[in-house]
Amino acid sequence: MAPSTSLGKITLPKQQRRLLQPTIHSPKHKRVTATPPAALLQELFGDDAHQPPKPRRASDETLAVHAGEKLGKDAASDSIATPIVSGTTHWFKNSEDLVAFKEGRRHSHEYGRYSNPTVKVLEDKISALERAEATLVTSSGMNAIVTALLALVAPGGHVVTTTDCYSEARAFIRDRLSKMGIRSTFIDLDDMESLKTILDQDDVTLFYADSPTNPLLKCVDIRMVAELCHQKGALVCIDSTLASPINQKPLTLGADIVLHSATKYMAGHHDVIAGCISGSEALISKIRVWHHDIGGAISPNAAYMIIRGLKTMALRVEAHNRTALQMAQLLERHPKVERVHYPGLESSPCYQVAKSQMTGYGGVVSFEVKSDLCGTMRFVDALEIPLIATSLGGCESLVQQPAVMSFWGKSDEEKAKNRIKDNFVRFSFGIEKFEDLREDILQALEKI
Ligand SMILES: Cc1ncc(COP(=O)(O)O)c(C=O)c1O
């Protein structure tokens, strides 16, 4: 259908505009609690933004490409690629213009540490993908974690988290929050009864968990913890990095806050460090105030790289999911493999929970080979495609043996506490051809 024209202004046909409304295509994601921010509606639907919301129809694939964009139009450019607005400060035509901005009557930006047009496009795109009212993008995943915790938990507050959440988040909660008069309790993710007990016995401000966890790939039942915590007035914050917004949408499952190391699947190319936090406008505004003080702004160039990365995220994640699942199934049957950790395996203790809240299981697979430290090193060294490196979620497959990477030099007790054995290997499968990776892994297993 050709675009309709009125007084020289081109408007998209209604049918086409409806296609850009977020949809939730999995029956598992029925609970939609968030509505897109007004600015995003304006972006997507132009003059129709003030009409009652239409049915949500756009898929993640379409939102990843289009949501939040058309900045070029505002920047007096017709570039399809969102312009990188590199200025650190923004000027006002006159005092009246400035007052209109201060009173929220005119949308603009003031100073780069507070907001930036390119970063705003990224925030709106992530909001659409997470079904969130608002998103804050930060300079790193760790910055997102620290800022969210400081903003949402005041001195005297109490954070409950799991023993296997991201190691640096765990250390921050244990070692730094305690110095600010914030209590923390660590529970085993397999023992959710203890969460009930703590909620019954004590005031809990916030429950914080990764799902899936890294590197053991355990999943927390987000619906269940949200229900338990909300009965007692506690907030729920989920680090969904290992899932990506394609495979899991914690806000639709009842979580209050979802955060990511955007360094991983979102950016997707092992070339930019960033983080993001999504949730209700009220909670994100509260976190944004702290973000302004802490100064964790991302550079517009880095934001553009993530916008670009997000456009292919759905395609990439589909490839990561497919390769990882096939590889996990293959490894599970291999005589030189003792145990495989992957939530998409029917044998996984997390399978039912994962199936009920994820639409794919991600690219990270951990397993234990039938060997010792040196035999496992021989396997890793014999691999020709995966690179020995930390991190995950990029196009290149990565492999690491935690005993010689993150746990090198740590005591046996520390390793045992984290369930890291010498024969433990973690893969982040990239988007290379499955058959090439399979051949490589099979030949390397022969070298043990
Ligand atoms: C699950 C998870 N959360 C948070 C982070 C921290 O993210 P960043 O390295 O972007 O600061 C990481 C980093 O590896 C991670 O794996």
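Note that the coordinates shown come from a computational prediction; the quantities given were computed from them, not determined experimentally. (Residues numbered from 1 in each chain as written. Predicted model: local features only at pLDDT ≥ 70, side-chain atom pairs only at ≥ 80, totals over all residues.)

Trainee: Would you mind showing me how to read the UniProt feature "modified residue: N6-(pyridoxal phosphate)lysine" (unreviewed entry) in the protein here?
Mentor: The residues that UniProt annotates with the feature "modified residue: N6-(pyridoxal phosphate)lysine" (unreviewed entry) are K264. The residue K264 is located in the loop between β8 (257-261) and β9 (275-279) in this model. You can call K264 buried: it has 24 C-beta atoms within 10 Å. When near neighbours in sequence (up to four residues on either side) are disregarded, K264 contacts T241, S391, L392 and G393. (UniProt positions renumbered as here; feature names shortened; annotations may be inferred. Helix = DSSP H or I, 4+ residues; strand = E, 2+ residues; numbered from the N terminus. Buried ≥ 20, exposed ≤ 12 C-beta atoms within 10 Å, placed from the backbone. Contact = placed C-beta atoms within 7 Å.)

Trainee: Before we go on, may I ask you to explain the sheet that holds strand β7 (residues 235-239) in this structure?
Mentor: Adjacent strands of a sheet pair through backbone hydrogen bonds, lying either parallel or antiparallel. What the 7 strands build is an open sheet, ordered β3-β9-β8-β7-β6-β4-β5; its pairing is mixed. Two strands in the sheet have a free side with no partner beyond their single neighbour: β3 (134-138) and β5 (183-187). With strand direction ignored, the average angle separating the axes of adjacent strands in the sheet is 20°. Against the sheet, helix α7 (residues 141-152) contacts β3, β4 (158-162), β6 (206-210), β7, β8 and β9, and its axis sits at roughly 40° relative to β9. Those strands touched by helix α9 (residues 193-201) are β4, β5 and β6, and its axis lies near 155° from that of β5. (Pairing = 2+ DSSP bridges. Axes fitted to C-alpha atoms, helices over the stretch in contact; angles between N-to-C directions.)

Trainee: Whenever I open this one, the environment of D188 confuses me. Can you help?
Mentor: In this structure, D188 sits in the loop between β5 and α9. As a C-alpha pair, D188 and D164 span 24 residues in sequence and 7.7 Å in three-dimensional space.

Trainee: Even after reading the chapter, I still don't get the nonpolar core, so can you show me in this structure?
Mentor: A general trend in soluble globular proteins is that nonpolar side chains are found buried together. Counting residues in hydrophobic clusters, the biggest one holds 113 residues, and the most contacted among them are A148, F207, C237, A255, I306 and V365. Non-local contacts of I306, meaning those with residues more than four positions away in its chain, are made with L122, A262, M266, A267, V272 and A274. (Core = buried A, V, L, I, M, F, W, Y, C linked by C-beta atoms within 7 Å.)

Trainee: Explain the site of the ligand here, please?
Mentor: The ligand sits among 13 residues. The nearest are S140, G141, M142, S261 and T263. Of the residues in the shell around the ligand, the class split is 4 nonpolar, 7 polar and 2 charged. (Near = placed C-beta within 6 Å. Nonpolar A, V, L, I, M, F, W, Y, C, P; charged D, E, K, R; others polar.)

Trainee: Quick question: what am I supposed to make of the packing of helix α14 (residues 313-332) against helix α18 (residues 434-445) here?
Mentor: Helix-helix packing is described using two parameters, namely the angle between the two axes and the distance between the axes. Two elements in contact, α14 and α18, have axes separated by 10 Å at closest approach and are oriented at 30°. Classified by the angle their axes make, α14 and α18 are roughly parallel. Handedness of the α14/α18 crossing: right-handed. Only F434, L437 and R438 of α18 make contact with α14, whose side of the interface consists of T323, Q326, M327 and L330. Residues that form the contact of α14 with α18 fall into these classes: 4 nonpolar, 2 polar and 1 charged. (Parallel < 35°, antiparallel > 145°, perpendicular 65-115°, else oblique. Left-handed = near helix turned anticlockwise from the far one by under 90°.)

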